[in-house]
Amino acid sequence: MKVLVVNCGSSSIKYQLLDMTDESVLAKGLLDRVGIPGTVLKHEPVGKDEVVIKKDLPDHTEGMKLVLEVLVHPEYGVIKSMDEIGAVGHRVVHGGEAFAYSVVIDDRVKQVIRECFDIAPLHNPPNLMGIEACQALMPNIKHVAVFDTAFHQTMPAKNYMYALPYELYEKYKVRRYGFHGTSHFYVSHRAADLLGKPYEQCKIVTLHLGNGASMAAIMDGKVIDTSMGFTPLEGLVMGTRCGDIDPAIVFFIMEKLNLSTSEVNNYLNKKSGMLGLSGVSNDLRDIQEAAAAGNEKAQLALDVYYTRVKSYIGNYIAQLNGCDCLVFTAGVGENGIDMRENICKNLDYLGIKLDPEKNKVRGKEVDVAADDSKVRIFVIPTNEELVIARDTYQLAK
Ligand code: ADP
């Protein structure tokens, strides 16, 4: 069976077509600026030249139509007809408390995705648009929702509850959910394979360090804690998000800077983090370059970044009462050699010892721990699309 994996943002559609007989990728691509002038599709068929198509498209349905057209195109397509697509897997950011696993999409599932609009206003509406566009174009096959929150649903209440009046949880489901679940799931399972131990017997700390960043602590095959919370704003320092701050800062800056609620939301999500602190960029490479050239704020941003990560490592190892491995993944985790070194420095008391020579690696699955390190330190490139495709295949076949 061939499975199409779709990830819809407010103005973008990312896709990947996989052949599940051998889990090979047949094509992938990105349609950007959907609904805004300058729509552009970058289509990468495996074994053929990349194609770029510029064509303004008003909405996700027209966008998906173009994606299907290029997939069956006689020249740069990879299948003969749309009938070869056996199922579609959709990345959905928020499943609330309803879904701890992936599900075949029906009206009830769509209703839950809709009910989460309030708590995931940037993500769930375009995710649902993508689902409805695909269902309209491919009505006779199964569509599966794979939720970013699902893997974290095993967290115990002592870690997902905030110390706020209980009625906030009862009335509005204000609690910690966690995100990047599909990535934490994939890399933690790969890590267990590399350890050669049953997953249920591993104590794992996963570090998904991309533009958005989160960590998870995994024990007995379950997530017991994760750093993102009610929204993806909590936890680590990110490209443009502040991560953990004293909540009193929110009303302080609203007053001082005369900001509305949506403006303060934008301030903390888009103007803070590494960008806000360094004043240089949200991209770690730019910040490292600036720091190397003597920019003190850039150096400070890097120091704050890795110190926050270290504090979560300590937190999670304390909760796990031990640790078999750390797993670095996503843009910074897979490529940030200096960042990995700084994060792991001076953690030998916890049995964490990185080998600087082995650590000189980018984007490959390797163990970068010193031979005598008690805790293994893996770099594992994430593969969220593969998890989505596998779940979709299992539920559709
Ligand atoms: P997203 O959350 O957008 O999917 P990615 O996982 O692609 O993000 O990660 C993007 C981040 O990865 C950027 O901040 C970038 O600085 C960082 N990154 C990519 N390559 C390198 C590198 N060679 N060294 C350090 N950081 C890198």
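It should be emphasised that the depicted structure is a prediction, and the values quoted were computed from it without experimental measurement.

Enquirer: I would appreciate a short explanation of the packing of aromatic side chains in the present structure.
Expert: Each aromatic ring pair is characterised by the separation of its centres together with the angle its planes make. Enumeration according to the criterion identifies six aromatic pairs in this entry. Here phenylalanine 151 and phenylalanine 185 contribute two aromatic rings whose centre-to-centre distance is 5.4 Å and whose plane-to-plane angle is 90°, an arrangement assigned as edge-to-face. Within this pair, whereas phenylalanine 151 is found in the loop between strand E8 (142-147) and helix H4 (157-160), its partner phenylalanine 185 is found in helix H6 (residues 181-195), the two being separated by 34 residues in sequence. Phenylalanine 151 sits in the buried class, given a relative accessible area of 13%. Relative accessible area serves as the criterion here: at 31%, phenylalanine 185 is assigned to the partly exposed category. Here the aromatic residues Tyr160, Tyr166 and Tyr169 are joined through ring pairs into a cluster of three or more. Over the aromatic face of tyrosine 160 sits the side chain of arginine 175, whose NZ or CZ is 3.6 Å from the ring centroid. The lysine or arginine in question, arginine 175, covers the ring of tyrosine 177, its NZ or CZ lying 4.8 Å from the ring centre.

Enquirer: What's the story with the sheet that holds strand E14 (residues 376-379) in this structure? I'm lost.
Expert: Paired through their backbone hydrogen bonds, the strands of a sheet run either parallel or antiparallel. Within the open sheet, the six strands sit side by side as E11-E10-E9-E12-E14-E13. Their pairing is mixed. The open sheet has two edge strands with one neighbour each: strand E11 (222-226) and strand E13 (366-367). Pairing of strand E12 (residues 325-329) with E14, which is carried by four bridges, proceeds in the parallel orientation. From the neighbouring strand, valine 327 faces E14, where its bridge partner is phenylalanine 378. Packed on one face of the sheet, helix H11 (residues 296-320) meets strand E9 (204-209), strand E10 (213-219), E11 and E12 and runs near 15° to E10.

Enquirer: Whenever I open this one, the nonpolar core confuses me. Can you help?
Expert: Side chains that are nonpolar tend, in soluble globular proteins, to be buried together. Ranked by internal contacts, the top residues of the largest apolar core, which has 46 residues, are Leu209, Ile313 and Leu326. If you list the elements that add at least two residues to this core, you get E9, E10, helix H10 (284-292), H11, E12, helix H13 (337-344) and E14. No other element matches the 11 residues that H11 contributes to this core. Each residue touching isoleucine 313, except ones within four places of it in the same chain, is listed here: Leu207, Met215, Leu326, Ile343, Leu347 and Ile352. Judged by nonpolar contacts, the second largest core, of 28 residues, contains Leu57, Leu66, Leu71 and Met138.

Enquirer: Would you take a moment to explain the site of the ligand for this structure?
Expert: Around the ligand sit 14 residues in total, of which Asn211, Asp283, Leu284, Gly331 and Arg362 are the nearest. Note that an oxygen atom of the ligand is positioned 2.6 Å from one of the side-chain N or O atoms of aspartate 283. Here a nitrogen atom of the ligand sits 3.4 Å away from a polar atom, N or O, in the side chain of arginine 285. A total of 580 Å² of accessible area belongs to the ligand in isolation, and the protein chains cover 69% of it.

Enquirer: Help me out: how do you make sense of helix H2 (residues 107-115) in this one?
Expert: Because an α-helix completes one turn every 3.6 residues, residues spaced three or four positions apart along the sequence face the same direction. For H2, the full list of buried residues reads Val109, Lys110, Val112 and Ile113. End-on, the buried residues of H2 take up no more than an arc of 155°, which puts them together on one face. Facing away from the buried side of H2 by more than 90 degrees, the exposed set consists of Asp107, Arg108 and Glu115. On its buried face, H2 is in contact with strand E6 (85-92), strand E7 (103-104), helix H3 (124-137) and E8. N-capping of H2 is provided by aspartate 106, with a side-chain oxygen placed 3.1 Å from the backbone N of arginine 108.

Enquirer: Honestly, the packing of H11 against H13 in this entry has me stumped. Any pointers?
Expert: Describing two packed helices takes the angle between their axes plus the distance from one axis to the other. Running from N to C, H11 and H13 point in directions that differ by 50°, and their axes come no closer than 9 Å. In terms of their interaxial angle, H11 and H13 are classed as oblique. Along this stretch, H11 crosses H13, giving a crossing that reads as right-handed. In this structure, H11 uses Leu302, Tyr305, Tyr306, Val309, Lys310 and Ile313 to contact H13, whose residues at the interface are Met339, Asn342, Ile343 and Cys344. Residue classes in the contact of H11 with H13 are distributed as eight nonpolar, one polar and one charged.

How each quantity is defined
Residues numbered from 1 in each chain as written. Predicted model: local features only at pLDDT ≥ 70, side-chain atom pairs only at ≥ 80, totals over all residues. Heavy atoms only, no water. Phe/Tyr/Trp six-rings, centres within 6.5 Å; stacked < 30°, edge-to-face > 60°. Helix = DSSP H or I, 4+ residues; strand = E, 2+ residues; numbered from the N terminus. Buried < 20%, exposed > 50% of the residue type's maximum accessible area, 1.4 Å probe, protein only. Lys NZ or Arg CZ within 6 Å of the ring centre and 35° of its normal. Pairing = 2+ DSSP bridges. Contact = heavy atoms within 4.5 Å. Axes fitted to C-alpha atoms, helices over the stretch in contact; angles between N-to-C directions. Core = buried A, V, L, I, M, F, W, Y, C linked by side-chain atoms within 4.5 Å. Near = heavy atom within 4 Å. Polar contact = N/O pair within 3.5 Å; in protein donor to acceptor, adjacent residues only side chain to side chain. Areas by Shrake-Rupley, 256 points an atom, 1.4 Å probe, with all protein chains shown as cover. Arc of directions from axis to C-beta. Parallel < 35°, antiparallel > 145°, perpendicular 65-115°, else oblique. Left-handed = near helix turned anticlockwise from the far one by under 90°. Nonpolar A, V, L, I, M, F, W, Y, C, P; charged D, E, K, R; others polar.

In short, the description is geometric, and any link to function would need to be established separately.
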